[in-house]
Amino acid sequence: MTVVLDHQPTALVIARVPTAAERWRKRYGLAAFGAGIVLIWILIAIAAPLLTPYKPDFVDVANRLQPPSWAHWLGTDALGRDVLTRLLFGARVSLTTAFVVVVLGAAFGTLVGGIAAFARGRVEGIIMRLNDLVLCFPPIILALAIAAALGIGALNTMIAMLVVWWPKFARLAHSLVLVQRSQEYVEAATVMGFGPGRILLRHIIPNSVGPLIVLVTLDLGNAIMTFAGLSFLGLGVVPPTPEWGSMVAEGRELVQQWWVATFPGLAILTVVLGFNFLGDGVRDWLDPKARMR
Amino acid sequence: MNMHATPPQAAVPTPALEVKDLRTQFFTDEGVVRAVDGVSFTVGAGETLGIVGESGSGKSITALSLMRLLEEPSRIVGGEVRFQGRDMLRATPEELRNLRGDRLAMVFQDPMTSLNPVLKIARQLVETMVVHGRYTPQQAAKRAVSLLGRMGVSAPERAIDSYPHQFSGGMRQRVMLAVGMSNEPALLIADEPTTALDVTIQAQILELLRELNRDFGTAIVLISHDLGVIARVCTRTIVMYGGEVVEEGPTDQLLADPRHPYTWALINAVPRIDEATSGDRRLTTIEGQPPDPLNQPTGCRFAPRCPFRIAKCDEHPELEDVLPGRKARCWVTQSGQKLELRTRVAVSAAPQAPVAKETPATTEAPVLQVRGLVKRFALPKRGFFDAPRFVHAVDHVDFDVRPGETVGLVGESGCGKSTLARTIIRIHQPDAGEILFDGHDLAKASPRDIRPLRRRIQMVFQDPYASLNPRMSVADILGEPIRFHRLTTSEAETRERIGELLNTVGLGPKAAQRYPHEFSGGQRQRISIARALAVKPDFIVADEPISALDVNIQAQIINLMLDLQDRFGLTYLFIAHDLAVVRHISDRIVVLYLGKVMEIAPAANIFDRPLHPYTRYLISAVPIPDAVVERGRSHVQLSGEPPSAVNPPSGCRFRTRCPIAKPVCAETPPPVTQYAPDHFAACHFAGQLS
């Protein structure tokens, strides 16, 4: 039996349903682009020595401050070092420090925040107040002070960054674990007789990692910026180690020789942008509610 | 009769709502879901129509389609909806805004989220009235007070200046109804308006709906999964399955003589509070799950689960007249065949019905003895020097559970039944009292002492979506406790045991490799039961194990639990708010109110001879899916809401809502007194409410 309509409800019938590929592109296109940038930079960091005939710390004063040419695609700096070579090797420093700081900071913060939320009571009070104490300083100032106290060097800078890095993960993990610990599957684990360590590590934390992973991805770009910032201020790496922040610092006063500071700046820009796009995509993927846009 | 005609002319009044061949589809990544697939019905002016069906049957999407409230990725792709003759599907957004909340109102299931939490009640009510230009702000403010009073909100002048969070769920639903009725709509669509409420409050709201229909002539479309609720309010009912209407007819006829096997199954799956449990407690269920919405069967959509299936069912049936005024979409009943309902034994016909299942001898020593159990929760202090305040969740509770029996624990939400269960199983630490389990006092045992006993007492939880760790496969969920308690000696044996457990609860061995989200609610509850069984317990606390499930799945789970009890000699402490279900499967029932035991009675006696006034009210509030019985019943209605457990009433806790309370009730708390073998009540005037 068909019902004869006295009109066609054309206004309701949609012109065309987007295909799966179109929906995917709309949802994850930018994330894939970001992932591509990040991947390219990672490959560059690994293959740096193969991509350039020069050494990053090879000084050639005769050829100092050369503009971009076929011999030096991105020109040379005040000591005649090839900017492109230093840029490629700089990726190694930036990416490594960022990964180490964020991964260690996230691991420590998650564990500490998770313990605080799971234990409640006095343990929670102590951990979370300590957390607040660190968070009440502007992170870069605190890192600057700690790095300065420890002395110049990549390792010391990383330690300083770690000190200011864990609290945001601790705070996030704390709130996530608080939500999970009252779930019925946690009660079920208690009823089975499992101990608190097992419940926290095997049951609660695996269910809390989603937002933490999003924060890690978004934070990698942030860590690269902070490290470059500290280096720019003269704290990060010991010269002549190639590092983007310190390269920008070296080109700071060379207004005529724009290539010395511009290209490392662009490198920072692209990699941070890449991580941010990727992080947004990961968030959309893990949190369907944010997908609506 | 020409079904294709345009709305009838002036002679016949225009129906409030006409729906013809409505089709709503979801455009998902996996494919097109035909959520509403050719639904047609008519609601006459001032009529009450019920829509029943399980979750996924398309009943809520139908309601949203009528209101044009669908969101991406769902779209109405065809059909016709006429509200008072106006074409809803071609209405402009502005026309729709003018209709919604004015001539056409809707009340949603969750009263907790359908009011704006940052606006006072007054503003929300007045806004609806003023926006549609029917009242000036001054008139609207006056009318808001009288509306709230009409909806049964006590002290409406004060209530109007409150925020939604200051109200309970039942009160908020009254406010929602006040908002819905504020412009005297011609049609009110109520989507599961009482599902989130307690039975006593549900009874009040349903009564209110009936009155609104009677006094204002408002047509009502009531959507529910509960046939009893429909029977109490609606004169006509349609039954939905797989996005289609499968049966339509007057409610009393439809319930007494269903003409579609799905309706038949719905009626059979629910135990009725007015019938005795005779011998076998198993319920008649249909097997299987609702159809996959992406992949509807090409023939009759119900055929794969239908016990009456015939060869012809491979063809898709149409909704056709089977009796005068009755329509059904079924090949079997189109020839006029009746579907026999399970025979019912009326309670009154079988007083003292000897329960066929051997009730454990009274002399047998209880496996669980709860004595003077107290659990309080501290509230945050209001000020530094204030005395600490407590919620008295469980307050000096005594009861026994004997080996092999099922004890039902019932009460309204907030009565402390879940807290009591969680305290017995030591998820919560009790504040006082004894929990003697097989001679061990669980109340004072340290976590280390409890660990070996954990194996023997297990729990099945309410929410099948929260009680399984979503990151673990079923094999891990079942395997972890087995390995932890070293119940097997080798990995191979563990795997074998997992397969055996899945088999026990009616799931195939393939389920082991899958994750909880791949299962439906009923299947998850089976996994939850399998997990409890994994450690070979002898005592299972089931905290509302069926409340979140559709009636057919409820019946399947009840049958499974009864089977397991027979096979393994399990003892159950079964918590539920559904008195009919509890009465059906329990040997004895404990009724709680505000943390105190009101009555303990054998299940067979509680419907016949309730001693406590509160028990009587609870029973009276349960709707019965039989329109004739339902109309003939005298509904004693419990007024008001449970008082706060922070400052419970002095003396008898129930006295503030009790119609036979006397001054003595405020002074002396009534002791739990024995009135018959196994029958206890805590009331100064037990059995005196007539």
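Residues numbered from 1 in each chain as written. Chains lettered and ligands numbered in written order. Predicted model: local features only at pLDDT ≥ 70, side-chain atom pairs only at ≥ 80, totals over all residues.

For chain B, the helix and strand inventory stands at 21 helices and 24 strands. Computed over C-alpha atoms, the radius of gyration of chain B comes to 26 Å, within 12% of the 26 Å expected from 2.2 N^0.38 for 690 residues, which places it in the range of a compact globule. Summarising its shape, the C-alpha atoms of chain B cover approximately 80 × 65 × 55 Å along the three principal directions. The buried share of chain B, taken over its 690 residues, is 50%. Long-range contacts, defined here as pairs at least 24 residues apart, represent 68% of the contacts in chain B between residues at least 6 apart. (Helix = DSSP H or I, 4+ residues; strand = E, 2+ residues; numbered from the N terminus. Rg over C-alpha atoms; globule rule 2.2 N^0.38 Å. Buried ≥ 20, exposed ≤ 12 C-beta atoms within 10 Å, placed from the backbone. Contact = placed C-beta atoms within 7 Å.)

Once that is clear, we can look at the overall build of chain A. In terms of helices and strands, chain A carries ten helices and zero strands. Ordered by position from the N terminus, the helices and strands of chain A form the series α-α-α-α-α-α-α-α-α-α. Computed over its C-alpha atoms, the radius of gyration of chain A comes to 25 Å, more than 25% above the 19 Å expected for a compact globule of 293 residues. Principal-axis analysis of the C-alpha atoms gives chain A an extent of 85 × 70 × 30 Å. Looking at the 293 residues of chain A, the share that counts as buried comes to 41%. Partitioning the intrachain contacts of chain A with sequence separation of at least 6 by distance along the chain shows that 69% fall at a separation of at least 24.

Turning our attention to the environment of G197 of chain A. Following the sequence through the fold, G197 of chain A ends up in helix α7 (residues 196-204). Distance in space between the C-alpha atoms of G197 of chain A and F118 of chain A is 9.7 Å, their sequence separation being 79 residues.

A few words now on the sheet that holds strand β22 (residues 596-602) of chain B. Residues and elements named next belong to chain B. Spatially, the eight strands line up as an open sheet ordered β18-β19-β20-β15-β21-β22-β24-β23, and their pairing is mixed. The open sheet has two edge strands, β18 (457-460) and β23 (673-676), and neither has a second partner. Direction aside, the axes of adjacent strands within the sheet are offset by 20 degrees on average. Sheet analysis places strand β21 (residues 588-593) next to β22, joined by six bridges and oriented antiparallel. Bridged to Y593 within β22 is K596. (Pairing = 2+ DSSP bridges. Axes fitted to C-alpha atoms, helices over the stretch in contact; angles between N-to-C directions.)

This part covers the domain arrangement of chain B. Examined at the domain level, chain B breaks down into domain 1 (113-182) and domain 2 (405-430 + 537-681). Here domain 1 of chain B and domain 2 of chain B have C-alpha centroids that lie 33 Å from each other. (Domains from an automatic or database assignment.)

This part takes up the nonpolar core. Counting residues in hydrophobic clusters, the biggest one holds 269 residues, and the most contacted among them are I224 of chain A together with L187 and F574 of chain B. No other element matches the 15 residues that helix α2 (residues 83-119) of chain A contributes to this core. Taken domain by domain, the makeup of this core includes at least three residues from each of domain 1 (113-182) and domain 2 (405-430 + 537-681) of chain B. If near-sequence neighbours (up to four positions away) are discounted, L187 of chain B is found in contact with A16, L17, V43, F83, L104, T218, A219 and V221 of chain B. (Core = buried A, V, L, I, M, F, W, Y, C linked by C-beta atoms within 7 Å.)

Our next topic: the pairing of strand β20 (residues 571-575) of chain B. Residues and elements named next belong to chain B. Among the five residues of β20, five are classified as buried, and the element is accordingly described as predominantly covered. Burial along β20 is two-sided: T571, L573 and I575 and Y572 and F574, pointing in opposite directions, are all buried. One ladder, built from four bridges, connects strand β15 (residues 406-410) with β20; its direction is parallel. Bridging from a neighbouring strand, T406 pairs with Y572 of β20. In terms of strand pairing, strand β19 (residues 539-543) meets β20 through five bridges, oriented parallel. In the strand pairing of β20, I540 is matched with Y572. After leaving β19, the chain enters helix α16 (residues 551-568) and then returns to the sheet as β20, a path that is right-handed. (Right-handed = clockwise from strand over helix to strand, strands pointing away.)

Turning to the packing of helix α5 (residues 154-181) of chain A against helix α8 (residues 209-232) of chain A, a few remarks are in order. Residues and elements named next belong to chain A. Following both chains from N to C, one finds α5 and α8 inclined at 155 degrees, their axes separated by 11 Å at the closest point. By the angle between their directions, the pair α5 and α8 is classed as roughly antiparallel. The handedness of the crossing between α5 and α8 comes out as right-handed. Seen from α5, the contacting residues are T157, M161, F169, L172, A173 and L176; seen from α8, they are P211, L212, L215, A223, T226, F227 and L230. Partitioned by chemical class, the residues of the contact of α5 with α8 number eleven nonpolar, two polar and no charged. (Parallel < 35°, antiparallel > 145°, perpendicular 65-115°, else oblique. Left-handed = near helix turned anticlockwise from the far one by under 90°. Nonpolar A, V, L, I, M, F, W, Y, C, P; charged D, E, K, R; others polar.)

This brings us to the packing of helix α15 (residues 521-534) of chain B against α16 of chain B. All names here are of chain B. Their axes nearest at 10 Å, the elements α15 and α16 cross at an angle of 20 degrees. The orientation of α15 relative to α16 falls into the category roughly parallel. The two elements α15 and α16 cross, and the hand of that crossing is right-handed. Within the contact between the two elements, α15 uses G521, G522, Q525, R526 and I529 and α16 uses I553, Q556, I557 and L560. Residue composition of the contact of α15 with α16, by class: four nonpolar, four polar and one charged.

Bringing the sheet that holds strand β7 (residues 187-191) of chain B into the picture now. All names here are of chain B. Read across the sheet, eight strands follow the order β6-β7-β8-β3-β9-β10-β12-β11 without closing on themselves; strand pairing throughout is mixed. Two strands bound the open sheet, and with one partner strand each, they are β6 (104-107) and β11 (320-323). Between one strand axis and the next, the sheet turns through 25 degrees on average, direction left out of account.

Okay, helix α19 (residues 613-621) of chain B next. All names here are of chain B. Counting buried positions along α19 gives eight out of nine residues, so the element sits mostly inside the fold. The complete set of buried residues in α19 reads P613, Y614, T615, R616, Y617, L618, I619 and A621. The inward-facing, buried residues of α19 abut α7 (199-216), β15, α17 (579-585), β21, β22 and α18 (603-608).

Residue and element names in this part refer to chain B. Position of L594 among the secondary structure elements: in the loop between β21 and β22. Once the C-alpha coordinates of L594 and S40 are considered, the two residues, 554 residues apart in sequence, prove to be 46 Å apart. Those residues within four positions of L594 in sequence are excluded, and the remaining contacts are C415, P642, A645, P648 and R653.

Looking now at helix α13 (residues 474-484) of chain B. In an α-helix, one turn spans 3.6 residues; hence positions three or four apart end up facing the same way. All names here are of chain B. Those residues of α13 that fall on the buried side of the exposure criterion are V474, I477, L478, G479, E480, P481 and I482. Those residues of α13 that are buried are in contact with α14 (491-504) and α15. Directly beyond the C-terminal end of α13, a positive phi value near 50 degrees is found at R486.

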